[in-house]
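Fold and contact review
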Amino acid sequence: MSKRANDEGWVEVQKHTFTRWANVFLPPEMAVDDLYEDLKDGLRLIALLERISNKPVAAKYNRVVKYRIHMLENLNLIFGFMAKENVTVTNIGSSDIVDCNSKLVLGLMWTIIKHYQLADISVHGVTGKEGLLLWCKESLEAFPDIVSITNFTSSWSNGLAFCALIHAFHPTLVDLDSLSPARPVENLTLAFTLLEATFDVPPLLQVEDFEVGVDEKSVLTYLALVFRVFGVLERPKIVRTPSFREPDVATDATDDDAPDEDDSNDAPDVTDDEAPVIDEVVAEEDSVKNVLIKEVSIDAAPIGEAPIGEAPVKDAPIEEAAFEEVVASDGPTEPATVASVADALGGDCKGSAATPVAVSPTRRFWFLRASGPGTLVVLSFLPRARWLRCCVALYAPVGRLCGLPLPIDRGLPVRPAASATTSA
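Okay, so let's go over this structure. (Residues numbered from 1 in each chain as written. Predicted model: local features only at pLDDT ≥ 70, side-chain atom pairs only at ≥ 80, totals over all residues. Heavy atoms only, no water.)

Observations concerning the overall build of the protein chain
Rules: To qualify as a helix, a DSSP run of H or I must reach at least 4 residues; to qualify as a strand, a run of E must reach at least 2; elements of each kind are numbered from the N terminus. Burial here depends on accessible area, computed with a 1.4 Å probe over protein chains only, as a share of the maximum for the residue type. Under 20% is buried, over 50% is exposed, and the range in between is partly exposed. Whether two residues are in contact is decided by their heavy atoms, any of which lying within 4.5 Å being enough. Only the protein chains shown count as cover for residues, and all accessible areas are computed by the Shrake-Rupley method using a 1.4 Å probe.
Along the protein chain, the regular secondary structure elements total 16 helices and four strands. Relative to its full complement of 424 residues, the protein chain shows a buried share of 37%. For the protein chain, the proportion of contacts with a sequence separation of at least 24, taken over those separated by at least 6, is 59%. Of the roughly 24500 Å² of accessible surface on the protein chain, 54% is carried by carbon and sulfur atoms.

Overview of the packing of aromatic side chains
Where we set the bar: We call Phe, Tyr and Trp rings a pair once their centres come within 6.5 Å, taking the six-membered ring for Trp, and we label the pair stacked below 30 degrees between planes, edge-to-face above 60, and tilted otherwise.
Counted under the stated rule, the structure contains 12 aromatic pairs. Ring centres of W156 and F162 lie 4.9 Å apart, and the angle between their planes is 55 degrees; on these two criteria the pair is classed as tilted. On the basis of relative accessible area, W156 is assigned to the buried category, the value being 0%. Taken together through their ring pairs, the aromatic side chains of W135, F169, F199, F227 and F230 make up a single cluster.

Things to note about the side chain of Q14
Mapping Q14 onto the fold places it in helix α1 (residues 3-25). When neighbours within four sequence positions are excluded, Q14 is seen to be in contact with L106, D215, K217 and S218.

Some thoughts on the packing of helix α3 (residues 43-53) against helix α6 (residues 102-118)
So the rule is basically this: Between the N-to-C directions of two axes lies an angle of 0 to 180 degrees, each axis being a line fitted to C-alpha atoms and, for a helix, fitted only over the stretch in contact. Note on angle classes: values under 35 degrees are labelled roughly parallel, values over 145 roughly antiparallel, values of 65 to 115 roughly perpendicular, and the remainder oblique. Note on residue classes: Ala, Val, Leu, Ile, Met, Phe, Trp, Tyr, Cys and Pro are nonpolar, Asp, Glu, Lys and Arg are charged, and everything else, Gly too, is polar.
Following both chains from N to C, one finds α3 and α6 inclined at 10 degrees, their axes separated by 11 Å at the closest point. Classed by the angle they form, the pair α3 and α6 counts as roughly parallel. In contact with L45, L48, L49, I52 and S53 of α3, α6 contributes L108, M109, I112 and Y116. Split into classes, the residues belonging to the contact of α3 with α6 amount to eight nonpolar, one polar and no charged.

Concerning the side chain of S53
Test applied: Here a polar contact is taken to be a pair of N or O atoms separated by no more than 3.5 Å, where protein atoms must pair a possible hydrogen donor with a possible acceptor and residues adjacent in sequence count only if both atoms sit in side chains.
With respect to the element layout, S53 can be found in helix α3. Residue S53 is classed as buried on the basis of its relative accessible area, which comes to 13%. A polar atom in the side chain of S53 sits 2.4 Å from the backbone oxygen of L49.

What about the pattern of salt bridges?
So the rule is basically this: Only one rule defines a salt bridge in this text: a Lys or Arg side-chain nitrogen within 4 Å of an Asp or Glu carboxyl oxygen.
As enumerated under the stated definition, the model contains seven salt bridges in all. In this structure, E37 and K40 form a salt bridge, with 3.1 Å as the shortest nitrogen-oxygen distance. Note that E186 is salt-bridged to R183, the shortest N-O span being 3.0 Å. Of the residues examined, R183 reaches a relative accessible area of 36% and is grouped as partly exposed.

Focus: the nonpolar core
Note the threshold: To define a nonpolar core, start from buried Ala, Val, Leu, Ile, Met, Phe, Trp, Tyr and Cys residues and group those joined through side-chain atoms within 4.5 Å. Note that the domain bounds were set by an automatic or database domain assignment.
Formed by 83 residues in total, the largest nonpolar core has its most connected members in W21, W135 and F162. Counting the residues that make up this core, at least three belong to each of domain 1 (8-119) and domain 2 (122-231). Excluding residues within four positions of it along the chain, W135 makes contact with V123, L165, F169, V226, F227, F230 and G231.

Re helix α9 (residues 184-199)
Under the convention used in this document: One less than the number of residues in a helix, times 1.5 Å, gives the span that helix is expected to have. Throughout, the arc means the angular range of directions from the helix axis out to the C-beta atoms.
With 16 residues, α9 should reach 22 Å at 1.5 Å per residue; the first-to-last C-alpha distance of 21 Å fits that figure. All of the buried residues along α9 are N187, L188, A191, F192, L194, L195 and F199. With its buried residues spanning 160 degrees around the axis, α9 presents them on a single face. Residues of α9 that are exposed and angled more than 90 degrees away from the buried face: V185 and A197. Buried-residue contacts for α9 involve α8 (160-169) and α10 (216-230). Two residues or fewer past α9, D200 is found with a positive phi of approximately 60 degrees.

Describing the environment of Y61
With respect to the helices and strands, Y61 occurs in the loop between α3 and α4 (68-84). In sequence terms Y61 and E73 are 12 residues apart; their C-alpha atoms lie 7.7 Å from each other. Setting aside anything within four residues of it in sequence, one finds Y61 in contact with L43, I46, N74 and L77. Within the local environment of Y61, its side chain forms a polar contact with the side chain of R63, the two groups lying 2.8 Å apart.

Describing the packing of α8 against α10
For the pair α8 and α10, interaxial distance at closest approach is 12 Å and the crossing angle is 10 degrees. On the basis of their axis angle, the class for α8 and α10 is roughly parallel. Along the contact surface, α8 presents F162, L165, I166 and F169, while α10 presents Y222, L223, V226 and F230. Looking at the contact of α8 with α10 residue by residue, the classes come out as eight nonpolar, no polar and no charged.

Take it as geometry only, folks, not as evidence of what the structure does.
What follows is the structure, given as structure tokens:
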């Protein structure tokens, strides 16, 4: 469609809309048929202004118009009245109306509609066109999947906005879910018919008016009349499920959420409260193990050969794997022979094969050297972590009290061997 054809289209749409709007307020005997011809004598304009302003335009005017001068006099009275009403009219004069200048006549009509119709609309302190747009948005906020009101042109082109506006105040009249934006003619026909038949809203717009495009001023004029009807009504609360598929709250599982291969193990779950305690126990066990490996590797000596306080006899290096194998047992320790212990640790232990010892031989654990049989029996029934801590906690103060040198005292003065032997 060319620009010229488009301009002619909106001119015709506005002419029909403004003509129907004027007839809403004029008495039947003064109804307008041709907007350009019927307004040039000024009589219908005077009647229209007196109806919408509730004020007399002039005490005396030419009721019988025969000549052009009569027309100009009446129109001058009209412009004088509008000036008193603070209605701004720009570049429009009496001669333009008498000469039937189409666009200037439409401009005069739009000025009257904007001042006496749109200016009265107030929503939350917002007036005029912006107030009407705010009211439409609030009325249709329950239908985000159907309409999105951002203007008075494209937002109303398919007729769904008009139907949704009716449904917002009377949900039983229109089934929104059955309507389609692909059928604008049906939607517009339904909306205009219901508004006229049910709510007495004058049919200012026709379906044919939307064929050449959507004229903003025409839609504003029509919605101003709809606001006069619905604006005083209380909008019911509508709870509905949008017809489009809304995104789920739970998102799809990502690669980070995929189960790891290690998750298939049957390890028990650890709560947040238990995690710090377990970490502390494991760290303490590792610390004790490292100390024991270091000290045992230095101080390992055959039983009964080197008295306490003398230089230790170097032995074969301790296998850490063998140490872990011995320490890993959690239950009560069973009696074993020196030979069996030596085989388990890969070292040489002197003594009778029938001599019962604990699973952890004194050859490898220095803190058991001064322990009596009763202590060994008690310690053998304690769990792994606890009996390690008990041995260290009990042996250190007792050993110091008795004058026994400890491996951790290496580098400190050691008592004479005779004294140590006597104490032992």
